[in-house]
Amino acid sequence: MATLTLKNISKIYPGNVRAVSEVNAEIGDGEFVILVGPSGCGKSTLLRMIAGLEEISGGELSIDGRVVNDVHAKDRDIAFVFQNYALYPHMTVGENMAFGLKMRKFAKSEIDHRVTEAASILGLSEYLQRKPGALSGGQRQRVAVGRAIVRQPKLFLFDEPLSNLDAKMRVTMRAELIKLHKRLQATMVYVTHDQVEAMSMGDRLIVMKNGIVQQVGAPLEIYNKPANQFVAGFIGSPPMNFIHCEVEKRGNDWFVVSEGLNLKMPLSKFHALATTYQNSDAKAVLGIRPEDIHEKSGEPEAVNARVEILEQLGGEVIATCSLGSNEITARLSARTQARTDEQIELVFDLERAKLFDAASGRTLV
């Protein structure tokens, strides 16, 4: 187990292509931290710099207080689990798991003990004599994880290890990795573009965009208090609805106004609105999650929307609706009477809504 400290870590490729910009983070001993963001945001590059597989252009990287910028990957005491498993096809499962220990000249008795223990943890005991070609994708990924476990490293690094699996197997493997972390109490850094993986697995998330850290925090903290519009839209499925609007003050009340929308903001938002907006007709973006839009008829604050698409998911219905020129998504009860191409009355839970600056995307309210 280990602590990991990143101070102003940057990666600049030839041609002044900046892949990662001045990342600062403290990862505690035994913590499970997720690097999450869209493809090309720099998260895998950052992970490879931690592993020693990419040279660091700027900043300082420390493991357990030891600066390792110039330390070779094999001397950092880390284990890396790749997206494509990287197993030797001519070796058995047991041989694949033992290979790294053999290269380090461990005694055969110690190798056998570690491989047997890791296989038991991962449910691979009956497959030790098989070769990777005879295994399913999920089993191969468990072998790759087992190869990392037998090393007993200070730090585990995972680079999108579940992306090649089907949807059902990804759910199963997520649960396996969560249980593995609880059992080993190891420090883990995990890269994914899948925000569902990130929300369900990590102690903390580091959300990235264009090589820049947007927000660091616990999953629910980021979900409920996003730092900006990008984070709000990236974390959450279906994603948060965004409606471009104007903020108006009428007497002592505040309203958000858009085509098909004229909503009075709740008292709890008044102080923030008064602090942010010095005059009326200011541009903003209203953000509200699908689960905070409810189907209610006859309510004075309800808005009329037209149902465009209904996605039946069994326990709930995802409704895509048009509201003037805006398109919004709502989570509805499985018992909804809504029908495609018909009107529906919706109520916005504005206590949970966000307002973002229209130009910068920064969270305002």
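One can find the structure itself at the top, above this paragraph.
Summary of the structure given here.

Conventions adopted
Think of each chain on its own: its residues are numbered from 1, step by step along the sequence as written. Since the coordinates come from a predicted model, pLDDT governs what is reported: local features require at least 70, and pairs of side-chain atoms require 80 or more to be given and counted, while whole-chain, interface and lining totals use all residues. To get the side-chain values, all heavy atoms of the structure are used, and hydrogens and water are removed first. Strand pairing is defined by DSSP finding a minimum of two bridges between the two strands. Starting at the N terminus, helices and strands are each numbered in turn, a helix being any DSSP run of H or I of at least four residues and a strand any DSSP run of E of at least two. Note on geometry: axes are lines fitted to C-alpha atoms, helical ones only across the stretch in contact, with angles between N-to-C directions running from 0 to 180 degrees. In what follows, salt bridge is the name for a side-chain nitrogen of Lys or Arg lying within 4 Å of a carboxyl oxygen of Asp or Glu. The buried label goes to any residue with under 20% of its type's maximum accessible area, the exposed label to any with over 50%, and the partly exposed label to all in between, with areas taken from a 1.4 Å probe on protein chains only. Should the near helix be turned anticlockwise from the far one by less than a right angle, the crossing is termed left-handed; should it be turned clockwise, right-handed. By definition, residues are in contact when any of their heavy atoms lie within 4.5 Å. Lys, Arg, Asp and Glu make up the charged group, whereas Ala, Val, Leu, Ile, Met, Phe, Trp, Tyr, Cys and Pro make up the nonpolar group; the residues left over, Gly among them, are polar. For patch building, the residue pool is restricted to those with more than 30% relative accessible area and no salt bridge; the joining distance is 9 Å between like charges and 5 Å between nonpolar side chains (Val, Leu, Ile, Met, Phe, Trp, Tyr). Residue-level accessible areas treat just the shown protein chains as cover; the underlying method is Shrake-Rupley with a 1.4 Å probe. Just so you know, the count uses Lys and Arg for positive and Asp and Glu for negative, and it drops His and the chain ends. Where a charge lies is defined by one atom per residue type: Lys uses NZ, Arg uses CZ, Asp uses CG and Glu uses CD. Each pair of aromatic rings taken from Phe, Tyr and Trp, with Trp reduced to its six-membered ring, is defined by centres within 6.5 Å and is described as stacked if the planes are under 30 degrees apart, edge-to-face if over 60, and tilted in the remaining cases. Over a ring means this: the NZ of a Lys or the CZ of an Arg is within 6 Å of the ring centre and within 35 degrees of the ring normal. N or O atoms closer than or at 3.5 Å make up a polar contact, with two conditions inside protein: a donor-capable atom paired with an acceptor-capable one, and, for residues adjacent in sequence, both atoms drawn from side chains.

## Focus on the sheet that holds strand 13 (residues 261-264)
Here five strands make up an open sheet; going across it, the order is 13-12-11-14-20 and the pairing antiparallel. With one partner strand each, in any of the chains shown, strand 13 and strand 20 (354-357) form the two edges of the open sheet. Neighbouring strand axes in the sheet, compared pairwise and without regard to direction, differ in orientation by 40° on average.

## Things to note about the pattern of salt bridges
Applying the stated rule across the entire model yields 14 salt bridges. A salt bridge links Arg-204 to Glu-31; the shortest N-O distance between them is 2.5 Å. In this pair, Arg-204 is assigned in strand 9 (residues 204-209) and Glu-31 in the loop between strand 2 (17-27) and strand 3 (32-36), connecting sequence segments 173 residues apart. A relative accessible area of 14% means that Glu-31 is categorised as buried. The shortest N-O distance in the salt bridge between Glu-54 and Arg-48 comes to 3.8 Å. A network of salt bridges, in which partner residues are shared, links Lys-11, Arg-48 and Glu-54.

## Details of the sheet that holds strand 19 (residues 343-348)
With antiparallel pairing, five strands are arranged side by side in an open sheet as 15-19-16-17-18. Two strands bound the open sheet, and with one partner strand each, they are strand 15 (293-295) and strand 18 (326-333). Adjacent strand axes in the sheet meet at a mean angle of 50° when their direction is disregarded. Inspection of the sheet shows strand 15 paired to strand 19 by three bridges, in the antiparallel sense. From the neighbouring strand, His-294 faces strand 19, where its bridge partner is Val-347.

## So, the packing of helix 2 (residues 93-103) against helix 4 (residues 137-151)
Contact geometry for helix 2 and helix 4: axes closest at 8 Å, N-to-C directions at 35°. Every pair of crossing elements has a handedness; the one defined by helix 2 and helix 4 is right-handed. From helix 2, Val-93, Asn-96, Met-97 and Leu-101 reach across to helix 4, where they touch Val-143, Gly-146, Arg-147, Val-150 and Arg-151. When grouped by side-chain class, the residues that make up the contact of helix 2 with helix 4 number five nonpolar, two polar and two charged.

## Points about the environment of Thr-172
Assignment of secondary structure puts Thr-172 in helix 5 (residues 167-184). Note: C-alpha distance between Thr-172 and Gly-138 (34 residues apart in sequence) is 8.7 Å.

## Overview of a negative patch on the surface
On the surface, Glu-308, Glu-327, Asp-341 and Glu-342 cluster together into a negatively charged patch. Residue position: Glu-327 is located in strand 18.

## A few points about the packing of aromatic side chains
Applying the stated criterion across every chain yields a total of eight aromatic pairs. Directly above the ring of Tyr-223 sits Arg-289, whose terminal nitrogen or CZ lies 3.9 Å from the centroid.

## Some thoughts on the side chain of Arg-289
Looking at the element boundaries, Arg-289 is found in the loop between strand 14 (282-288) and strand 15. Despite its burial, Arg-289 pairs with no opposite charge, the nearest such side chain being Glu-291 at 4.8 Å. At 2.9 Å, the side chain of Arg-289 and the backbone oxygen of Ile-235 are in polar contact. With residues near it in sequence (within four places) discarded, Arg-289 still touches Tyr-223, Ala-232, Ile-235, Gly-236, Met-240 and Asn-241.

From the geometry alone we can't say anything about function, so treat these as descriptive.
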